[in-house]
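Spelled out, the chains give:
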Amino acid sequence: MNGYNFAYLDEQTKRMIRRALLKAVAIPGHQIPFGSREMPLPYGWGTGGIQVTAAVLGPDDTLKVIDQGADDTTNAVSIRRFFARTAGVATTTHTAEASVIQTRHRIPEQALREDQIIVYQVPQPEPLSKLEPSRAETRRMHGLAEYGLMHVKLYEDITRYGHVSISYDYPVMVGGRYLMSPSPLPAFDNPKMDMMPALQLFGAGREKRLYAIPPYTRVTSLDFDDHPFRTTRAPHACGLCGARESYLDEVVTDDRGGRLFVCSDTDYCETRRAEGHVGTELAV
Amino acid sequence: MTQSAHDETLLSARGLNLRFGNVIALDNVDAELWPGEVLAIVGESGSGKTTLLNVLSGRMAPQSGVVWYRDAQGHLADVHAMSAPALRALHRSDWGFVHQNPRDNLRMGVTAGGNVGERLMAQGSRHYGNIRQEAIDWLAQVEIDASRVDHLPRTFSGGMLQRLQIARTLVTHPRLVFMDEPTGGLDVSVQARLLDLIRTLVRRLGIACVLVTHDLAVARLLAQRVMVMQAGRVVEAGLTDQVLDDPQHPYTQLLVSSVLSA
């Protein structure tokens, strides 16, 4: 597109972000400050993720953008179109065809490969933010690997509710060293981050932090020996494709209590339907 | 005293000096603490008691002088030359700090059990059931009913908060505990119970203690040795009974004679 540098950001800015990304990859899970720029979308809509994507995108890449697993929601559509126009890259909705995937709140159901990069949009990079208000102090805690406080939070949850009540943004330890916020992923997706072949990059635009998980890195969700980490999903099959393993969205369909459970990953659902799987809602 | 006994000191300080502008907080202070011993630092407000406690515990650096700590393996370490992680690890495990105001130390939004368990979790305990059981055991030791384990500290009375703070501090079996006016701000009957509790726990667990107090009665009840401070200097030091029954320095004499007796 005329008047814009490739992928919107100027080359110096992209270089600065890449330098921060290299640092982030070198220290898995550690938050690296970077000079976050104003982007033509509001904070909270993925300003961090979009800058990381702009920095890693090349002319030969194929981009996929998902928002809560869906390819067709406002955030996903507008970011995908943004890069189609400013970088002229190919875009896709198929997980397998994409080389760069920018995501908000989900990891695709289909396993990622070594030649793919997944970019997460992160609102709050600091996993200890709700427990310790001082950033100076949380930095010190990261530096000294003092993470007892996070377990106090889990202890309180089990004491009050009988189980850990964190359903998204469930804290993880990366490479046995750094405590990391996995962005507001459902805890269901946490196991997918462990030993993932793809490079995982995280960008928080408002908070001006980047972090990363290199391929094949140990990512463990915090837990107690006698209260091991467990994932939860709605105990239903997808109404459209009948999947029983995927993460489901609950959709209210009328004002008489009608509801539909469907895969949150739209590409996964469509692929299954194309393969001939049919859920109860479509069979009628 | 023989050389070998001298070698056994848990904590020793030599020539500590610290000034805040024109105010001399510490003036060439020496101090020694043996394992299992309770040392009281007494003196009036502004005499440098709390500053000395902060310097001994590594929370504040002196302008000159050195503080040695002997760890469980017998190695001597200069507290102020230690790396920050090593010092923090020491504060989490071997040492404890009891504040005058328990709200400074406790997490008011976390249950009593979570408060007691925090140091265990910081040391790597990862078994919920064991942490909880240990917390309940410690609440019993500080005479808090086990049914309060899931209650928030804000529902506790002042004396209970102070006892909860002590449980939270002692749960990791520290070798050395620093106490800053542990009975300050409590009414007299609660003070008496708390002093009794501290004395019992310290004796039974063999914990060494540096205790700052302005209350000579507290010093007499808990401490084997006492140091009297005035304007940043140690004016008199010795066995508690000796110093309090036969004070030599005019300031100590004044302090002892000014105690009200009912």
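Keep in mind the model is a prediction, meaning the values are calculated, not measured.

Draft legend 1. Inspection of unusual backbone geometry at higher detail. Residue and element names in this part refer to chain A. Phi at Tyr 8 is positive, roughly 75°, even though this residue is not glycine. Considering the arrangement of structural elements, one finds Tyr 8 in the segment before α1 (11–26). Tyr 8 sits in the partly exposed class, given a relative accessible area of 24%.

Draft legend 2. View of the domain arrangement of chain A. All names here are of chain A. Domain boundaries in chain A define domain 1 (11–132 + 167–221) and domain 2 (233–284). The straight-line distance from the C-alpha centre of domain 1 to that of domain 2 is 26 Å. Listed by partner, the interface residues are 15 residues for domain 1 and ten residues for domain 2. With both chains or domains summed, domain 1 and domain 2 bury close to 930 Å², and 48% of this area falls on carbon and sulfur atoms. For the domain 1 face of the interface with domain 2, the top three residues by lost area are Arg 106, Glu 109 and Phe 188, together amounting to 46%. Taken together, the links from domain 1 to domain 2 amount to zero salt bridges. When its residues are assigned to classes, the side of domain 1 that touches domain 2 shows four nonpolar, six polar and five charged.

Draft legend 3. Spatial organisation of the interface of chain B and chain A. Listed by partner, the interface residues are 20 residues for chain B and 19 residues for chain A. Approximately 1800 Å² of surface area, both sides summed, lies buried where chain B meets chain A, with 60% of it carried by carbon and sulfur atoms. Together, B:Arg88, B:Arg126 and B:Tyr128 form the three largest contributors to the area buried by chain B at its contact with chain A, with a combined 43%. Put simply, chain B and chain A have three salt bridges between them. Its salt-bridge partner being B:Arg92, residue A:Glu146 comes within 2.6 Å of it at the nearest N-O pair. Linking chain B with chain A are eleven residue pairs in polar contact (both at pLDDT 80 or more), by the criterion used here. Those elements that provide at least two residues to the side of chain B that touches chain A are α3 (84–92), α4 (112–122) and α5 (128–141) of chain B. No other element matches α4(B), which puts five residues into the side of chain B that touches chain A. Within the side of chain B that touches chain A, the residues separate by chemical class into seven nonpolar, six polar and seven charged.

Draft legend 4. How the structure looks around the packing of helix α6 (residues 158–170) of chain B against helix α7 (residues 188–205) of chain B. Residue and element names in this part refer to chain B. Remark: α6 packs on α7, axes separated minimally by 10 Å, with the N-to-C direction vectors making an angle of 10°. Taken as axis vectors, α6 and α7 run roughly parallel relative to one another. As for the relative orientation of α6 and α7, their crossing is right-handed in sense. Contact with α6, carried on its side by Gly 159, Gln 162, Arg 163, Ile 166 and Leu 170, involves Val 190, Arg 193, Leu 194, Leu 197, Ile 198, Leu 201 and Leu 205 of α7 and no other residues of that element.

Draft legend 5. Examining the packing of α1(A) against helix α2 (residues 47–56) of chain A more closely. All names here are of chain A. Close contact between α1 and α2 brings their axes to 9 Å; oriented N to C, the two are set at 100°. Judged by the angle between their axes, α1 and α2 are roughly perpendicular. Contacts from Lys 14, Ile 17, Arg 18 and Leu 21 of α1 reach α2 at Gln 51, Val 52, Ala 54, Ala 55 and Val 56.

Calculation notes
Residues numbered from 1 in each chain as written. Chains lettered and ligands numbered in written order. Predicted model: local features only at pLDDT ≥ 70, side-chain atom pairs only at ≥ 80, totals over all residues. Heavy atoms only, no water. Helix = DSSP H or I, 4+ residues; strand = E, 2+ residues; numbered from the N terminus. Buried < 20%, exposed > 50% of the residue type's maximum accessible area, 1.4 Å probe, protein only. Domains from an automatic or database assignment. Contact = heavy atoms within 4.5 Å. Buried area = accessible area lost by both parts, 1.4 Å probe. Salt bridge = Lys/Arg side-chain N within 4 Å of Asp/Glu carboxyl O. Nonpolar A, V, L, I, M, F, W, Y, C, P; charged D, E, K, R; others polar. Polar contact = N/O pair within 3.5 Å; in protein donor to acceptor, adjacent residues only side chain to side chain. Axes fitted to C-alpha atoms, helices over the stretch in contact; angles between N-to-C directions. Parallel < 35°, antiparallel > 145°, perpendicular 65-115°, else oblique. Left-handed = near helix turned anticlockwise from the far one by under 90°.

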